[in-house]
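Chain by chain, the residues:
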Amino acid sequence: MSRLGIIDTHAHLDDNRFDSDRAAVMARLANDMEAVITQGTNYESSLASVKMAEQYDFVYAAVGWHPEDLAGIKDESYIAELEKLVRGHEKVVAIGEIGLDYYWKENEPKEVQLLRLKQQCDLAYSLDLPVVIHDREAHGDCLAFFQNEVPKNLKAVFHCYSGSLEMAKELWKCSYYLGFGGSSTYKNNKKVREVLAACPEELFLLETDCPYLTPEPYRGRRNDPSMTEFIAQNAALVRGTTFAHIAEQTTKNAKVLFDKMKLNA
Ligand SMILES: [Zn+2]
């Protein structure tokens, strides 16, 4: 077992903020982490994620087009390209990071975002893979989409969950998972901690979204997957349990959702 016994279900290990010391970071993580799922945000980063999964035993990949990157899609063949990445690589365990982002005005219009989300969810379903969902300031549309536009048994995690407790309850009814990261450790973020406290044990995952969203007490520094330690400590406090229990439960959950992961023990 790794030092922390935790799976970081959402990282961006291909980010250029790791370029100067990636080898050293990865060597440390190989010892610290049970596994890390690194996310694609467009074709290039999906390919980079796949390559990292091939290079490092503890790394798994998700491939997909992030809502902020959709303008880079040239034509409809992008779906076939993603499918090829999945079929060609055993360690692709999800379609992600995909979703809706209404925060940035320069993003593609809502209709385009919804179409790309639908196409990528359909691909995931056809390949029997879960989807990793980014929802920024699009809670209403996101909930309606997942309640009405996808097959009932499509598996999904809402990463870095930022919606209300009411919305979370609707998602739990459909057995969707929630990912909790650095933002759940911020003192002013009462809403997320309320959801974290109430989340059913079997639908709860840990993540960093590194290099972004560094947890307390290291807010402001570069984030990396080993910082899940502080997210798990905070979760144990909020949920009134132990670090060991949080680590064991979330690792089990990640293996159930991302069931293509082949981990020892
Ligand atoms: Zn992300």
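Residues numbered from 1 in each chain as written. Predicted model: local features only at pLDDT ≥ 70, side-chain atom pairs only at ≥ 80, totals over all residues. Heavy atoms only, no water.

Undergrad: What is the right way to read the coordination of the zinc ion from this model?
TA: Metal coordination angles in their ideal form are 109.5 degrees for the four-donor tetrahedron and 90 or 180 degrees for the six-donor octahedron. At 2.1 to 2.3 Å from the zinc ion lie its protein donor atoms, namely H10 (NE2), H12 (NE2), E97 (OE) and D209 (OD). Because the angles between the 4 donor atoms bound to the zinc ion fall within 86 to 178 degrees, the donor set is best described as irregular. Mapping the donors of the zinc ion onto the primary sequence gives the spacing H-x1-H-x84-E-x111-D. One end of the pair, H12, is in the loop between β1 (7-11) and α1 (22-32); the other, E97, is in strand β4 (residues 92-101), and 85 residues separate them in sequence. (Donors = N, O, S within 2.8 Å, 3.2 Å for Na, K, Ca; no water. Tetrahedral: all angles 85-135°; square planar, octahedral: opposite > 155°, others 65-115°. Helix = DSSP H or I, 4+ residues; strand = E, 2+ residues; numbered from the N terminus.)

Undergrad: Hey, could you run me through the pairing of β1 in this one?
TA: Burial analysis of β1 places 5 of its 5 residues in the buried class, which makes it a mostly covered element. Bridge analysis of β1 against strand β2 (residues 35-39) gives 3 bridges, and the strand direction is parallel. When the sheet's bridge partners are listed, D8 is paired in β2 with V36. Remark: the β1/α1/β2 crossover connection has right-handed handedness. (Buried < 20%, exposed > 50% of the residue type's maximum accessible area, 1.4 Å probe, protein only. Pairing = 2+ DSSP bridges. Right-handed = clockwise from strand over helix to strand, strands pointing away.)

Undergrad: Even after reading the chapter, I still don't get the pattern of salt bridges, so can you show me in this structure?
TA: A pair can form between side chains of opposite charge whenever their charged atoms are brought close. Evaluation of the coordinates by the stated rule reveals 12 salt bridges. Among the salt bridges present, the one from E216 reaches R219, with a minimum N-O distance of 4.0 Å. (Salt bridge = Lys/Arg side-chain N within 4 Å of Asp/Glu carboxyl O.)

Undergrad: Teacher, can you tell me more about the pairing of β4 here?
TA: For a regular strand, the rule is simple: side chains alternate between the two faces of the sheet. Here β4 lies mainly inside the structure; 10 of its 10 residues are buried. Sheet analysis places strand β3 (residues 59-63) next to β4, joined by 3 bridges and oriented parallel. Of the residues in β4, the one forming a bridge with A61 is V92. The pairing of β4 with strand β5 (residues 131-136) spans 5 bridges and is parallel. The residue bridging I95 from the neighbouring strand is V131, located in β5. You can see the chain leave β4, run along helix α4 (residues 110-126) and come back into β5, and the turn it takes is right-handed.

Undergrad: Explanation requested: the environment of E108 in the structure shown.
TA: Mapped onto the elements, E108 comes out in the loop between β4 and α4. Remark: the alpha-carbon pair of E108 and Q249, spanning 141 residues in sequence, is separated by 38 Å.

Undergrad: How should the packing of helix α6 (residues 165-173) against helix α7 (residues 190-198) be read in this particular structure?
TA: A pair of packed helices can be characterised by two numbers: the angle between their axes and the separation between those axes. Between α6 and α7, whose axes approach to 10 Å, the crossing angle comes to 35 degrees. For the element pair α6 and α7, the recorded crossing hand is right-handed. Residues L165, A168 and W172 of α6 lie in contact with α7, whose contacting residues are E194, V195 and A198. Across the contact of α6 with α7, the residue classes break down as 5 nonpolar, no polar and 1 charged. (Axes fitted to C-alpha atoms, helices over the stretch in contact; angles between N-to-C directions. Left-handed = near helix turned anticlockwise from the far one by under 90°. Contact = heavy atoms within 4.5 Å. Nonpolar A, V, L, I, M, F, W, Y, C, P; charged D, E, K, R; others polar.)

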